[in-house]
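# Understanding the architecture of this molecule
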Amino acid sequence: MAFRKEPRPTVEAVLAESARYGVLRGSIYTVFEKWRMFINSVLKRAERELSLSHDDARSLIAFAKELVELLNEAEKKTRDGLAALYDDLRGGNTRVWSRGKTTYICSGEVCIKAHMSKDKTLKVFTLSIGTSGIQTYFPDLLKLPEEEYTALQLGWRASDETAERNKACIRTTQPWQLIAWLATRPGDARVHLHRVNINAKGLSLQLHIVAKNWEQRWSKEEAQSLAIEALQKGDYRPLLTWFLGDGIADWTGLGKTNPLRISVGKKRATEIANALRGTYSNRIVETYGNTARTLAKTLVD
């Protein structure tokens, strides 16, 4: 699956795949190219449509260039590592051992770890590639008041965001999430591409990003409680980034009888449903009427 031949991706296909699945997957020949296409396309569009200042446009171009260089480095390390591992597997020269629930398959210093996914339904293989990482800068594209950034950051912290040495950070396999998160925590950043995930659907990349100018202000539990309090007061902004971190939204056919459906993970879902005067079942919160229309407008805007 890692070395399977695939057609060269197009920008249109990459954007469609991201919109549908979030994660970009492919073989060793396509997955890095997909990321490069996505980053260049989306950031060029942002530069064009946001009427950026000269300095911000220059910073955004520099960020894209540095991220592409990181992808290039990671691609070479991944290709070399997988090729060496493949040759040794064919020659019977690999080392295999287990520790706990994880199995290690190694050739020299290159190792693939095999373990079950969190939901116990899929065997997951990961290759650590140890890129040098980049120290970069992401410009302030949104130009929002501090209070707006706080509301959006609250939702990220309620979902995927963590902390590293008291700085806000996130790990993601989705290029759109990388850009969306940095847009709400602009400034100096450190980005590592530290591993490649491998499963039956192909390869995907996992990036680790630290926002160096932003202290982590809340624990996850505090952020979730504050976000729910905001919902109860009719402020949907934290839910926007909470849903961007954890789940999906479906407003197909939204009307008087068709609900807005959002998924924000299991924790606190019942409280979110109550705050939205909706219902919760099978990981999905459904809400109707004016609440649904107002929330949908907030998500779209």
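Model, not experiment: these values are computed from the prediction. For every chain, the first residue of the written sequence is number 1, and numbering continues from 1 onward in sequence order. A pLDDT threshold of at least 70 governs which residues receive local features in this predicted model, and a stricter bar of 80 or more applies before side-chain atom pairs are shown or counted, although totals over entire chains, interfaces and linings include all residues. Calculated side-chain values reflect all of the structure's heavy atoms, with hydrogen atoms and water omitted.

## A short note on the overall build of the chain
Filter applied, for reference: Only DSSP runs of H or I with at least four residues qualify as helices, and only runs of E with at least two residues qualify as strands; both kinds are numbered from the N terminus onward. Exposed residues in this analysis have more than 50% of their type's maximum accessible area, buried residues have under 20%, and partly exposed residues fall in between, with area computed by a 1.4 Å probe over protein chains only. Surface accessibility follows the Shrake-Rupley procedure with a 1.4 Å probe radius. Residue values consider only the protein chains on display as shielding.
Counting its regular elements, the chain contains nine helices and 13 strands. The burial tally for the chain puts 47% of its 301 residues in the buried class. Summed over all atoms, the accessible surface of the chain reaches about 15,600 Å², with 51% contributed by carbon and sulfur.

## Thoughts on the environment of histidine 115
When you line up the elements, histidine 115 lands in strand E3 (residues 110-116). In this structure, the C-alpha to C-alpha distance between histidine 115 and threonine 102, residues 13 residues apart in sequence, is 5.0 Å.

## Considerations on the pairing of E3
In plain terms, the rule: At least two bridges found by DSSP between two strands is the condition for calling them paired.
Both strand E2 (residues 102-107) and E3 contribute to a ladder of five bridges, which runs antiparallel. Among the inter-strand pairings, isoleucine 105 is bridged to a residue of E3, identified as isoleucine 112. Following E2, the chain reverses through two residues before pairing antiparallel with E3; glycine 108 in that reversal takes a positive phi of roughly 60 degrees. The pairing of E3 with strand E4 (residues 123-128) spans five bridges and is antiparallel. From the neighbouring strand, isoleucine 112 faces E4, where its bridge partner is leucine 127.

## Overview of the state of the cysteines
Working definition of a disulfide: a covalent bond connecting the sulfur atoms of two cysteines. Which entries qualify depends on this criterion: Counting rule for disulfides: a pair of cysteine sulfur atoms within 2.5 Å.
Per the stated rule, a full pass over the model turns up one disulfide. Two residues share a disulfide in this structure: cysteine 106 and cysteine 111, whose sulfurs sit 1.9 Å from each other. Every disulfide takes its handedness from the sign of the S-S torsion; for cysteine 106 and cysteine 111 that torsion is 115 degrees, giving right-handed. Relative accessible area serves as the criterion here: at 0%, cysteine 106 is assigned to the buried category. You can call cysteine 111 partly exposed: its relative accessible area is 24%.

## Details of the nonpolar core
Let me state the cut-off plainly: The term nonpolar core refers to a set of buried residues drawn from Ala, Val, Leu, Ile, Met, Phe, Trp, Tyr and Cys, joined through side-chain atoms within 4.5 Å. By the convention used here, residues are in contact when the closest approach between their heavy atoms is within 4.5 Å.
One finds Phe32, Leu67, Phe138, Leu193, Leu205, Leu207 and Ile209 to be the most contacted residues of the largest nonpolar core, which totals 46 residues. Listed by contribution, the elements that provide at least two residues to this core are helix H2 (31-49), helix H3 (54-91), strand E5 (134-138), strand E7 (167-172), helix H5 (175-184), strand E8 (187-199) and strand E9 (202-215). Broken down by element, this core gets its largest block of residues, 10 residues, from H3. Contacts of leucine 67, omitting those with residues within four sequence positions, involve Ile39, Ile134, Leu178, Val191 and Leu207.

## Describing the packing of aromatic side chains
Which entries qualify depends on this criterion: Pairing of aromatic side chains requires ring centres within 6.5 Å, counting the rings of Phe and Tyr and the six-membered ring of Trp. Pairs whose planes differ by under 30 degrees are stacked, by over 60 edge-to-face, and all others tilted.
Summed over all chains, the structure comprises three aromatic pairs. Taking 5.0 Å as the distance between ring centres and 90 degrees as the angle between the ring planes, the aromatic pair formed by phenylalanine 63 and phenylalanine 138 counts as edge-to-face. With phenylalanine 63 in helix H3 and phenylalanine 138 in strand E5, this pair connects stretches of sequence that are 75 residues apart. By relative accessible area, phenylalanine 138 is classed as buried at 0%. Between tyrosine 149 and tryptophan 214 the ring centres are 6.4 Å apart and the planes differ by 50 degrees, which places this aromatic pair in the tilted class. Highlighted residues: tyrosine 149 in helix H4 (residues 146-158) and tryptophan 214 in strand E9, separated in sequence by 65 residues.

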